[in-house]
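Read off the chains here:
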Amino acid sequence: MTSRKTPASVTPTCPEHGLCVWQEGDERLCALEYLNRFVAPRRVEQLVRRGRHLFLVFDSGEKLECCCEHCGESHGDDPGFTEDIKEISLGRRALRFRLEGDGGHLVVWFARGDHLHLHRNSLLRFRPPRPRRSIRPTHTPTEEKEKTG
Ligand SMILES: [Zn+2]
Ligand SMILES: [Zn+2]
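Residues numbered from 1 in each chain as written. Chains lettered and ligands numbered in written order. Predicted model: local features only at pLDDT ≥ 70, side-chain atom pairs only at ≥ 80, totals over all residues.

How should I be thinking about the overall build of the protein chain in this particular structure?
Helices and strands together make up the secondary structure of the protein chain, namely three helices and eight strands. Counting all 149 residues of the protein chain, 21% fall into the buried class. (Helix = DSSP H or I, 4+ residues; strand = E, 2+ residues; numbered from the N terminus. Buried ≥ 20, exposed ≤ 12 C-beta atoms within 10 Å, placed from the backbone.)

This is how it looks when you write it as structure tokens:
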């Protein structure tokens, strides 16, 4: 067997789920790990539509696209699709995220055993919010503030 060298530009994926991983602090996390670690048990604050794309927006700021279990696309232009998702998720806490059905589906668990079935694409398209920056503005005092004009 010939081993192919992986170019440095290729995004690394996690062996367990085959999802992109990124650096979070000093750890490498995939989308699923990130959701379970940092998003659960956050509340779904709103549903947002961008064109046909429909997203759950958590009160922590993360957005998760609602990709249809069957075709992998989101149907923000379909009122029925939107209504079903809204009914189960809006204002409720997502307790757990799991990949099921040979890893093809993402299942979001809410309280009382309710769950929402989505497509794996929801994870593939998930991006963590921009890293939070902590800034302490430096102020250099000037000597000449007593200038009179
Ligand atoms: Zn993973
Ligand atoms: Zn569909």
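After that view of the structure, there is still more to cover.
Honestly, the sheet that holds strand β3 (residues 44–50) in this entry has me stumped. Any pointers?
Strand pairing in a sheet takes place through backbone hydrogen bonds and is either antiparallel or parallel in direction. Pairing is antiparallel in the open sheet, where three strands are placed in the order β3-β4-β5. The sheet is open, and its two edges are formed by β3 and β5 (63–65), each paired on a single side. Looking at each pair of strands side by side, their axes are set apart by 30° on average, direction ignored. Pairing of β3 with strand β4 (residues 53–58) involves six bridges; the strand directions are antiparallel. Residue Arg 49 lies in a different strand from β4, and its bridge partner there is Leu 54. (Pairing = 2+ DSSP bridges. Axes fitted to C-alpha atoms, helices over the stretch in contact; angles between N-to-C directions.)

When you look at the nonpolar core in this model, what are you seeing that I'm missing?
Proteins that are soluble and globular tend to have nonpolar side chains buried together. The biggest cluster of nonpolar side chains holds 25 residues, and the ones touching the most others in it are Ala 31, Leu 32 and Cys 66. Sorting the residues of this core by element identifies β2 (27–30), α1 (31–39), β4, β6 (94–100), β7 (105–110) and β8 (115–119) as the ones contributing at least two each. Among the elements that make up this core, the one with the highest residue count is α1 (five residues). (Core = buried A, V, L, I, M, F, W, Y, C linked by C-beta atoms within 7 Å.)

Please clarify how the sheet that holds β7 should be interpreted in this entry.
Spatial ordering of the open sheet is given by β6-β7-β8, a layout of three strands whose pairing is antiparallel. Each edge of the open sheet is held by one strand with a lone partner, namely β6 and β8. Strand-to-strand, the axes of this sheet are offset by a mean angle of 20°, without reference to chain direction. Across five bridges, β7 lies against β8 in antiparallel orientation. Bridge pairing links His 105 to His 119 in β8.

I would appreciate a short explanation of the environment of Thr 82 in the present structure.
Summarising the element assignment, Thr 82 is placed in helix α2 (residues 79–89). Between the C-alpha atoms of Thr 82 and Leu 54, which are 28 residues apart in sequence, the distance is 7.6 Å. Setting aside residues up to four positions removed in sequence, Thr 82 forms contacts with Leu 47, Leu 54 and Gly 76. (Contact = placed C-beta atoms within 7 Å.)

Help me understand the pairing of β4, please; the structure alone is not making it clear to me.
Walk down a regular strand and you will see the side chains alternate between the two sheet faces. Hairpin remark: β3 followed by β4, antiparallel, with two residues in the connecting loop; positive phi at Gly 51, about 65°. Bridge count between β4 and β5: three bridges; the pairing is antiparallel. For Val 57, the partnering residue across the bridge sits in β5 and is Lys 63. What sits between β4 and β5 in their antiparallel hairpin is a turn of four residues, with Gly 61 showing a positive phi close to 100°.

All we've got here are geometric facts, nothing functional implied.
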